[in-house]
Amino acid sequence: MPSAFRSALCALALILVVGPALAGPGASTASLTTCAATRTDPDSFPDPFSRPSAALMAPGATRSFQIQPNGDLYNGVWSVRITAAEDGRAATPPHRIAYEQRWLPVAYWAEHGHALRWDFEAVAQLMPESPLVTLERSINDAWIAWRDRPAIAIEQKGLLERVGDRLDRVEVSSSRRIFLRDDEVRPMAASFEARVTNPDRVAHVARLVVRFAEADAPQPWREDLRHRPKPLVWGWADTAATVAIGIRARAEADSLARGITLAPGESRVIRFVFATHPVPVAKLVDWARAPHEQRVAETRAFWQREVARGMTLELGDPEVERAVAAARVVLLSLRERRSGNWVPLGGPFHYRDVWLRDGARAIQALALNGYVEESRDMARGFLTWQWAHGPFVSQSGQLDGTGQALWVFEQAMLRPYPAPDVDRFARSAWNAVEWCERVRAIDRESGAKFSNMLPKTDPHDAELVDAQLVGNDAWALAGYRSAER
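No experiment lies behind these values; they were computed from the predicted model shown.

Engineer: Can you tell me about the layout of surface pockets, naming the residues and giving the values?
Structural biologist: Computed from the structure, the largest pocket encloses a volume of approximately 990 Å³. What lines the largest pocket is a set of 36 residues, among which Phe-49, Ser-53, Ala-54, Ala-55 and Tyr-99 lie closest to the centre. Secondary-structure elements contributing two or more residues to the lining of the largest pocket are β2 (54–56), β7 (97–100) and α6 (318–333). The greatest single-element share of the lining of the largest pocket, amounting to six residues, is contributed by α6.

Dropping the structure here:
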């Protein structure tokens, strides 16, 4: 295999760390162990979902891994397909995919053969970023803002010249998509451990196949890569004691298979490390040097700390308290940076776009749970969606976004005390209120029925109508009250 391929900064890398029984001569023995540890049986957990699933996610990550009902992992672009087999027969899919304590994202599940049992455990973390890279991004944000000022000023001047005209309300018929910049991509690394046990009285052959593949269709959600096209081709690279599979060349194999004969009562462990994005192989190898147990402990400590620093909640009902903790994990993870700002997403596997309606609810929920800075950072990101002449629009024709933005400014910037830059939001809110009054006045002059309402619009969101929608005005009234405060 060419050395240039091994050293290329190519890999969506998957690294398999194994011992000699699985990898052949010369491989490290560090990560092949006999397992004596015990864990809670995931199949014993109650599950509210008709199909088992879980997500490996982190705050700020620009992709996540969904653990699918068949045990594969999916990130919105490709799948990591994992096939466990016993004596040539595939194991049954998992009955449950459980979180530790039912809220903490240390995920585990089991697959069963006729005799063998496969136990899987997985965690994910943001890949470390050097202070120099963070500083470089901050400088880049400042430079882009300075570079774009003339173009923004021209756009605003053109809009403001039409204030009072009927065109004043036409701009809201188009959406404002804020795309992720390449320098804002934050990959996650996942540490995945497979433990196979033979409780039978005779030996059995265990085989594990792992490969990357384009996502099965249809999927409930797929990442929009139109603004950053990258070909999905797979290939291999290797180092002294690891094997990596990554985006490089279709000419290379796209799967990894390892088999071993297990004696009666024997148990073996195989560990994989892979990333959500193409990353340098060397960087992923370095991350993989920490054992799986360490990555699990780090993930556990991180989420325990993050959940604990929110509002203290004692209800005397452990199940409800765990549900609140699980909700906090999702709330903290449904955000990423775009155009230099923190923005709320629909969720790791619902949609990774911004709807002001859904984002406003997420921002308020973070504020109510005691995450003041996170909620305020995302409220500041909302300012990106305000047109120069006043309205807030993220998706085409959705006039309710203006009231929602003003409402969430109050929720985040006044709780539990006024933010130092609250005047910035007051000016923004007043600009939005003036726009609402202008477009209402345009219709009022016509004397038409319902002319005091906001203008008609097609939100393209299952209403299937182009009309004056009561929800727009209800949110505008809530926004008026918030702007007044």
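We are not done yet, so read on.
Engineer: Residue-level account of the packing of aromatic side chains, with values.
Structural biologist: Both the distance between ring centres and the angle between the ring planes are used here to describe each pair of aromatic rings. For the structure shown, the criterion picks out 14 aromatic pairs. Judged by centre distance (5.9 Å) and plane angle (45 degrees), the rings of Trp-109 and Phe-192 are tilted. One end of the pair, Trp-109, is in strand β8 (residues 104–112); the other, Phe-192, is in strand β10 (residues 188–197), with 83 residues separating them in the sequence. For the residue pair Trp-109 and Phe-192, the accessibility class agrees, reading buried in each case. Summarising the aromatic geometry, the rings of Phe-192 and Phe-274 are spaced 6.2 Å apart at their centres and angled 45 degrees between planes, so their arrangement reads as tilted. Of this pair, Phe-192 sits in strand β10 while Phe-274 is found in strand β15 (residues 267–275), placing the two residues 82 residues apart along the sequence. For the residue pair Phe-192 and Phe-274, the accessibility class agrees, reading buried in each case. A connected cluster of aromatic rings, assembled from ring pairs, spans Phe-65, Trp-109, Trp-118, Phe-120, Phe-192, Phe-272 and Phe-274. The residue whose ring lies beneath Arg-335 is Trp-342, and the NZ or CZ to ring-centre distance is 4.8 Å.

Rules behind the numbers
- Residues numbered from 1 in each chain as written.
- Predicted model: local features only at pLDDT ≥ 70, side-chain atom pairs only at ≥ 80, totals over all residues.
- Heavy atoms only, no water.
- 1 Å grid on protein atoms, 1.4 Å probe; cavity = no way out; pocket = protein on both sides within 12 Å on 5 of 7 lines; lining within 4 Å.
- Points joined across faces, edges and corners; volume = space filled by probe spheres on them.
- Helix = DSSP H or I, 4+ residues; strand = E, 2+ residues; numbered from the N terminus.
- Phe/Tyr/Trp six-rings, centres within 6.5 Å; stacked < 30°, edge-to-face > 60°.
- Buried < 20%, exposed > 50% of the residue type's maximum accessible area, 1.4 Å probe, protein only.
- Lys NZ or Arg CZ within 6 Å of the ring centre and 35° of its normal.

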